[in-house]
Amino acid sequence: GENVEQHPSTLSVQEGDSAVIKCTYSDSASNYFPWYKQELGKGPQLIIDIRSNVGEKKDQRIAVTLNKTAKHFSLHITETQPEDSAVYFCAASIGGGGNKLTFGTGTQLKVEL
Amino acid sequence: NAGVTQTPKFRILKIGQSMTLQCTQDMNHNYMYWYRQDPGMGLKLIYYSVGAGITDKGEVPNGYNVSRSTTEDFPLRLELAAPSQTSVYFCAGRGYSNQPQHFGDGTRLSIL
């Protein structure tokens, strides 16, 4: 089955700096890659997603890049703010069969003042 | 719309007890999913459903059962609770046409 690895497990940045979280996947048939943000005591919230027919997608301060050849994708957050502090999860899925997601192990992002 | 609602939010069980974690959605989600999240780990899929009356196993189904008698509800049943089932459980739903999964706020379950 699919395996998703995520790095780093913890990331500390200064407010205003950029943060990058990287994920690799194993199954070349995966074609959908969402990123979720999880705040303490809450469920994961989708922040951005990308499909395999696109190499990059942006939404304000957040961007995701996908390299299908290398089977890795990354989340980029620019101009970080304290409210960006949370756990971020990447995931991958293969279309069909319920579109089951395989998650990475998460990155604890801390934005320091 | 309330989205995906899970009850209870917290529960403590004794070993060997049984319970049902409730999940209901009001977004006409066709697909529904149950995950467990252990400390420092990602979410692992327990069971999923592609529509009323249809369920299938995920990655970690042992010790759990599900049913999907209506589109709105997708309860998760633990028959004989074991300490290894101490976890945070999340329910999610999604519609057709490449829509993303939307998660509830979870049920934190401790088995002592």
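Whatever comes next refers back to the structure up there.
Here the structure is a predicted model, which means the values were calculated and not measured. (Residues numbered from 1 in each chain as written. Chains lettered and ligands numbered in written order. Predicted model: local features only at pLDDT ≥ 70, side-chain atom pairs only at ≥ 80, totals over all residues. Heavy atoms only, no water.)

Caption draft 1: Representation of the overall build of chain A. Helix and strand counts for chain A come out as zero helices and 11 strands. Tracing chain A from N to C terminus, the helices and strands come up as β-β-β-β-β-β-β-β-β-β-β. Radius of gyration (C-alpha) of chain A: 14 Å, near the 13 Å computed for a compact globule of 113 residues. Classification of the 113 residues of chain A by burial places 44% in the buried group. The long-range share in chain A, meaning contacts at least 24 apart out of those at least 6 apart in sequence, stands at 53%. Of the roughly 5,500 Å² that chain A leaves accessible, carbon and sulfur atoms contribute 47%. (Helix = DSSP H or I, 4+ residues; strand = E, 2+ residues; numbered from the N terminus. Rg over C-alpha atoms; globule rule 2.2 N^0.38 Å. Buried < 20%, exposed > 50% of the residue type's maximum accessible area, 1.4 Å probe, protein only. Contact = heavy atoms within 4.5 Å. Areas by Shrake-Rupley, 256 points an atom, 1.4 Å probe, with all protein chains shown as cover.)

Caption draft 2: Spatial organisation of the sheet that holds strand β1 (residues 4-7) of chain B. Residue and element names in this part refer to chain B. Spatially, the four strands line up as an open sheet ordered β1-β3-β8-β7, and their pairing is antiparallel. Every other strand in the sheet has two partners, leaving β1 and β7 (64-66) as the edge strands with one partner each. Shown here is a sheet whose adjacent strand axes are inclined to one another by a mean of 20°, direction ignored. Of the pairings in the sheet, the one linking strand β3 (residues 19-25) to strand β8 (residues 76-78) comprises three bridges and is antiparallel in character. Residue T20 lies in a different strand from β8, and its bridge partner there is R77. (Pairing = 2+ DSSP bridges. Axes fitted to C-alpha atoms, helices over the stretch in contact; angles between N-to-C directions.)

Caption draft 3: Structural detail: the nonpolar core. Residues W35, F73, L75 and Y88 of chain A are the most contacted members of the largest nonpolar core, which totals 23 residues. Core analysis: the next-biggest nonpolar cluster, separate from the first, contains 19 residues, M32, L78, C91 and I111 of chain B among them. (Core = buried A, V, L, I, M, F, W, Y, C linked by side-chain atoms within 4.5 Å.)

Caption draft 4: Up close: the sheet that holds strand β6 (residues 56-59) of chain A. Residues and elements named next belong to chain A. Read from one edge of the open sheet, five strands run β1-β3-β8-β7-β6, paired in antiparallel fashion. Across the chains shown, the open sheet's two edge strands, defined by having one partner strand only, are β1 (4-7) and β6. Each strand axis lies, on average, 15° off the axis of its neighbour in the sheet, ignoring direction. Pairing geometry for β1 and strand β3 (residues 19-25), over four bridges, is antiparallel. Opposite Q6, over in β3, you have C23 as the bridge partner.

Caption draft 5: Spotlight on the pairing of strand β8 (residues 72-77) of chain A. Residues and elements named next belong to chain A. As paired strands, β3 and β8 are joined by six bridges and run antiparallel to one another. Looking at the pairing, K22 lines up with S74 of β8. Summarising the sheet, strand β7 (residues 62-67) and β8 pair through six bridges and their orientation is antiparallel. By the bridge assignment for β8, A63 is matched with H76. Where β7 folds back on β8, the antiparallel hairpin that results is connected by four residues, among which K71 adopts a positive phi of roughly 55°.

Caption draft 6: A look at the side chain of T107 of chain A. All names here are of chain A. By the element assignment, T107 lies in strand β11 (residues 107-112). Its relative accessible area of 0% is what places T107 among the buried residues. Engagement of the side chain of T107 in a polar contact is seen with the backbone oxygen of P8, the distance being 2.5 Å. Each residue touching T107, except ones within four places of it in the same chain, is listed here: Q6, H7, P8, S9, L11, I21, A86, V87 and Y88. (Polar contact = N/O pair within 3.5 Å; in protein donor to acceptor, adjacent residues only side chain to side chain.)

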